[in-house]
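# Fold and geometry: a report
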Amino acid sequence: MILNKFYIVIKHGFKFVFKSLFQLTPKPKNIWSFKGFGDLYIDNSMYLFEYLHDNEHLYKGIRLIWLTADPNTFLKVKKRGYQVFMRNTMKGKFYLFKSKYHFYGDYPDYFISNKTLSVNLWHGIGLKKMDFDIKTGPLKSLFDGSFISRIKRPDIYRKPNFVISSSKYVTKNIFSSAFRVNENNCLNFGYPRNDILFRNLNNIDILYYRKNNISNRVTNKSKVYIYMPTWRDSGNNFILDSGIDFEKLNIKLLETNSFFILKLHPNTKLNINLEEYSNIFYFPKNIELYNFFNYVDVLITDYSSVFFDFLLTRKKIIYFPFDIDDYINERGFSFDYSEVTISDNTVYNFKELLVEMVKEDNFSVKYKQITNKIWDIKDGNAAKRISDFFFNLD
């Protein structure tokens, strides 16, 4: 244990020396670097990055660079013709340090300069407590401010200069305290990944999902459910705890010409064999999700922040918090669960879930109230607002 702590201190000591040497070199003003959630080419970072590329005539003089530690992500971005570097190489570290802005979807890279403005795009609004608001459970030690936690994860303790938020309500109740930033530094611009929810799926999108074995079995007459539970800090098999009987579910889906897609959180490490079920399958990893919401008729979730995004589609949401008491004890909520969910659409066991799946949604007044509370602006132009703000920032 002592040797492990000593290794951590030495390792990050070398990082500090290298970073200090980079401080001696002149700093360009036109590099905007990007890092995706989980080091993947997905989510808000990807959508903002591609918006800037597609509209480079509006933002002249910017050099856009994607940085990753994942070899597959490196190849994926390179095939698209964009500049990309591995973060753990000297070139990667050089461009990280030379960035005017560093945009990221989870935590910043350690090698960004103290003069670089870091912009936390984050990856969800967070019904559950996040980061420095976590006071219970196994993640508590990461954010307790101890010497070891600071040395082990210096990226977590680098405060962002700006955080992209969705509304004043979210800023005040979550982001300001979770990320330890002033409310004025939380920009209520909305999420770039949600811009796509305001346009129709085109033929290119359809071919993309067919190529990745998503929509080849789904027709226009099919009803599509996507189940997106959040992860559990404990790592337990919560799918088993949910009581879902996949055999019975598949029979019901066949009867109604419906499909059930399971999309697990990247941090969830479960291996559930779904191959024997004709109408149940996984959403593939490393495939962008938000375009696919145009195919989806009903979202089923528990405590995942994805339901806040899905509100913008005005499609049905089923809440399935079967282990809510355990989850509150494990992590806790940023909001009162009943305040930001729709009780008429909430079920607590598999039998209730089957019944709710065939009901039509009446889109109650509360649905609209929650949407307006979470999203100040609902126009599909979040990426433009973010780009304009930082391009014109002195």
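Residues numbered from 1 in each chain as written. Predicted model: local features only at pLDDT ≥ 70, side-chain atom pairs only at ≥ 80, totals over all residues. Heavy atoms only, no water.

## Remarks on the nonpolar core
In this structure, Phe34, Phe103, Leu127, Phe175, Phe293, Phe308 and Phe390 are the most contacted members of the largest nonpolar core, which totals 85 residues. If we skip the residues at most four places from it in the chain, phenylalanine 103 touches Trp32, Ser33, Phe34, Lys35, Ser45, Leu48, Val119, Leu121, Ile386 and Phe390. One finds Tyr225, Leu274, Phe320 and Phe322 within the second-largest nonpolar core, a separate group that totals 25 residues. (Core = buried A, V, L, I, M, F, W, Y, C linked by side-chain atoms within 4.5 Å. Buried < 20%, exposed > 50% of the residue type's maximum accessible area, 1.4 Å probe, protein only. Contact = heavy atoms within 4.5 Å.)

## Section: the pairing of strand β8 (residues 223-228)
Remark: a regular strand shows side chains that alternate across the two faces of the sheet. When you tally the buried positions in β8, you get five out of six residues, the bulk of the element. Strand direction decides the pairing type here: β8 and strand β9 (residues 258-262), joined by five bridges, are parallel. Within β9, the residue paired with valine 224 across the bridge is phenylalanine 259. (Helix = DSSP H or I, 4+ residues; strand = E, 2+ residues; numbered from the N terminus. Pairing = 2+ DSSP bridges.)

## Notes on unusual backbone geometry
Despite not being glycine, aspartate 43 shows a phi value in the positive range, around 65 degrees. Positionally, aspartate 43 belongs in helix α2 (residues 43-54). A positive phi angle is found at asparagine 257, which is not glycine, with a value near 50 degrees. Among the secondary structure elements, asparagine 257 is positioned in the loop between α9 (246-255) and β9. The exposure class of asparagine 257 is partly exposed, given its relative accessible area of 35%.

## Focus on the packing of α2 against helix α15 (residues 382-391)
For any two helices packed against each other, the geometry comes down to the angle between their axes and how far apart the axes lie. It is at 10 Å that the axes of α2 and α15 come closest, and there the two elements cross at 70 degrees. Judged on the interaxial angle alone, α15 and α2 are roughly perpendicular. Note on element contacts: α15 touches α2 through Ala383, Lys384, Ile386 and Ser387, opposite Leu48, Tyr51 and Leu52. Looking at the contact of α2 with α15 residue by residue, the class counts come to five nonpolar, one polar and one charged. (Axes fitted to C-alpha atoms, helices over the stretch in contact; angles between N-to-C directions. Parallel < 35°, antiparallel > 145°, perpendicular 65-115°, else oblique. Nonpolar A, V, L, I, M, F, W, Y, C, P; charged D, E, K, R; others polar.)

## A word on the sheet that holds strand β4 (residues 101-104)
An order of β3-β2-β1-β4-β5-β6-β7 is seen for the seven strands of this open sheet, with the pairing classed as parallel. Each edge of the open sheet is held by one strand with a lone partner, namely β3 (84-86) and β7 (186-188). Pairs of neighbouring strands in the sheet enclose a mean axial angle of 25 degrees, with direction left out of account. Alignment of strand β2 (residues 63-68) against β3, held across three bridges, turns out to be parallel. The partner of threonine 68 across the bridge, within β3, is methionine 86.

## Looking at the confidence of the model for the chain
Chain-level pLDDT for the chain is 84 on average; 85% of the residues reach the 70-or-more range. When pLDDT is averaged over each element of the chain, α15 comes out on top at 98 and helix α1 (residues 2-22) at the bottom at 50. (pLDDT = per-residue confidence, 0-100.)

## Quick look at α2
Think of an α-helix as 3.6 residues a turn; residues three or four steps apart then line up on the same face. Taking 1.5 Å as the rise per residue, α2 with twelve residues should run 16 Å; its terminal C-alpha atoms sit 17 Å apart, in good agreement. For α2, the set of buried residues is Asp43, Asn44, Ser45, Met46, Tyr47, Leu48, Phe49, Glu50, Tyr51 and Leu52. Taken together, the buried residues of α2 touch β1 (31-35), β2, β4 and α15. (Expected span 1.5 Å × (residues − 1).)

## Describing the sheet that holds strand β11 (residues 298-301)
Strands sit in the order β10-β9-β8-β11-β12 across an open sheet of five strands; the sheet is parallel. Each edge of the open sheet is held by one strand with a lone partner, namely β10 (280-282) and β12 (316-319). When strand polarity is set aside, the average angle formed by the axes of neighbouring strands in this sheet is 25 degrees. In the sheet, β8 pairs with β11 via four bridges, with the strands oriented parallel. Note that in β11 the partner of isoleucine 226 across the bridge is leucine 299. This element, helix α13 (residues 350-357), spans β8, β9, β11 and β12 of the sheet and lies at about 170 degrees to β12.

## Points about the pattern of salt bridges
Under the defined criterion, the tally for this structure stands at ten salt bridges. The partner of arginine 80 in a salt bridge is glutamate 50, with the nearest N and O atoms 2.7 Å apart. Taken as a pair, arginine 80 in the loop between α3 (71-79) and β3 and glutamate 50 in helix α2 lie far apart in primary sequence, 30 residues in all. Given a relative accessible area of 38%, arginine 80 falls into the partly exposed group. The salt bridge partner of lysine 384 is aspartate 388, with a shortest N-O separation of 2.8 Å. In this pair, lysine 384 and aspartate 388 both sit in helix α15, four residues apart, roughly one turn of the helix. Overall, aspartate 388 belongs to the partly exposed group, its relative accessible area being 24%. (Salt bridge = Lys/Arg side-chain N within 4 Å of Asp/Glu carboxyl O.)

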